[in-house]
Amino acid sequence: MGTGAGTETDTGTGVGTRASRGRVGRRAAVLVGALALALPVVVTGGGAAQAAASCNLTTGPYQRQVEQFLGRPVDGKQSAADCTAVRSFQASHGITPTQGYAGPLTWQTMSTMLAQRAAGTTPNRAGACPVDRGRIACVDLTRQLSWIQDGATLKYGPVPVRTGKDGTETRTGLKKIYYRNIDHWSTLYDVSMPYAQFFDGGIAFHSTTKSMWNPPGSGGCVNMRSADAKAYWNLLGQGEDVYVYGRKPGT
């Protein structure tokens, strides 16, 4: 499935609500990666008059949490500077309307980022992804994280991913990569799917130019940043295991 489309809103009323054969190339050297998450962009300039013209200056239900995440003074009251900082974060990740309101979707996105950061270099601390199958790609829908492990040894990641939206959720369970195409084109979505590795019907790992935190999500595929999708292409091959578990927030 492709990158997915749709509009998610954050207005204070609630959160909006979901493959051409290739062969394994030579595997790259083993990579041990740590999660690299995009840091929020905080903009403090502009002035009250300018911000008021384009910002929602209403205090949101997650004002304090959002202020703390962005490193703003935590007073629970929306200011022009708060609004500008929140708008910058929303614009970076495609959260609409991009008006600086500290609503449910903005805080949900930030909460996911915090959970990803907390995973550190031990994403399988709870043992949810099997450690008795050799090399396996793990996908945790709840934290929107993926990594490659060999037994209990982390080989790559964890890295943020963008999975299926409500209605086209990425299906859970133990799967196997059955088809790979480094330059795949989706006829369903009419989009490029570089480094595509299919493991469940039309569901694949592939790169996308969208933010990993762009709502509402994909059409079912596990979207990845280009460097991560390329690393997965080099580290995985046809017939290797993929384990998907958990539940994506908002689905």
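Cut-offs used in this document
- Residues numbered from 1 in each chain as written.
- Predicted model: local features only at pLDDT ≥ 70, side-chain atom pairs only at ≥ 80, totals over all residues.
- Heavy atoms only, no water.
- Pairing = 2+ DSSP bridges.
- Helix = DSSP H or I, 4+ residues; strand = E, 2+ residues; numbered from the N terminus.
- Axes fitted to C-alpha atoms, helices over the stretch in contact; angles between N-to-C directions.
- Contact = heavy atoms within 4.5 Å.
- Parallel < 35°, antiparallel > 145°, perpendicular 65-115°, else oblique.
- Nonpolar A, V, L, I, M, F, W, Y, C, P; charged D, E, K, R; others polar.
- Disulfide = S-S within 2.5 Å.
- Buried < 20%, exposed > 50% of the residue type's maximum accessible area, 1.4 Å probe, protein only.

J.: Hey, could you run me through the sheet that holds strand β2 (residues 145–150) in this one?
T.: The strands making up a sheet associate through backbone hydrogen bonding, with each pair oriented either parallel or antiparallel. Strand order in the open sheet made by the 5 strands is β3-β2-β1-β9-β4, with mixed pairing throughout. Looking at strand neighbours, the two that pair on one side only are β3 (153–160) and β4 (173–176), the edges of this open sheet. Strand after strand, the sheet turns through a mean of 20° between neighbouring axes, direction not considered. Bridging between strand β1 (residues 135–140) and β2 involves 6 bridges; their strand directions are antiparallel. When the sheet's bridge partners are listed, V139 is paired in β2 with S146. Where helix α5 (residues 226–235) meets the sheet, it contacts β1, β2 and β3, and its direction lies at approximately 150° from that of β3.

J.: Even after reading the chapter, I still don't get the packing of helix α3 (residues 80–93) against helix α4 (residues 104–119), so can you show me in this structure?
T.: Any two packed helices are characterised by the angle at which their axes cross and by the distance between the axes. Where α3 meets α4, the closest approach of the two axes is 11 Å, and the angle between their N-to-C directions is 75°. In this view, α3 runs roughly perpendicular relative to α4, as classed from their interaxial angle. Between α3 and α4, the residues in contact are V86, F89, Q90 and H93 and T106, T109, M110 and M113, respectively. Each residue belonging to the contact of α3 with α4 can be placed in one class, and the counts come to 4 nonpolar, 4 polar and no charged.

J.: So what exactly am I meant to see when it comes to the state of the cysteines here?
T.: Throughout this description, disulfide means a covalent bond between two cysteine sulfur atoms. Under the counting rule described, the total for this entry stands at 2 disulfides. Across a sulfur-sulfur distance of 2.3 Å, C55 and C83 are joined as a disulfide pair. Measuring handedness by torsion sign, the sulfur bridge of C55 and C83 sits at about -115° and is left-handed. Taken together, the positions of C55 in the loop between α1 (47–54) and α2 (63–69) and C83 in helix α3 put the pair 28 residues apart, joining distant regions of the chain. C83 matches C55 in its accessibility class, with the two residues each being buried. Note that C129 is cross-linked by a disulfide to C138, the S-S spacing being 2.1 Å. Torsion about the S-S bond of the C129 and C138 cystine: about -85°, corresponding to left-handed handedness. On the basis of relative accessible area, C129 is assigned to the buried category, the value being 1%. Looking at the protein chain, its bonded cysteines, counted consecutively from the start of the sequence, adopt the pairing 1-2, 3-4.

J.: Where do I start with the sheet that holds strand β5 (residues 179–186) in this structure?
T.: Reading across from one edge, β5-β6-β7-β8 is the order of the 4 strands in this open sheet, with mixed pairing throughout. Lying at the two open borders of the sheet, with one neighbouring strand each, are β5 and β8 (222–224). On average, each strand axis in the sheet is tilted by 30° relative to the strand beside it, whichever way the strands run. Taken together, the 3 bridges between strand β7 (residues 203–207) and β8 define a ladder with parallel strand orientation. Bridging across to β8, S207 finds its partner in M224. Lying over the sheet, α5 contacts β5, β6 (191–200), β7 and β8, oriented at roughly 45° with respect to β6.

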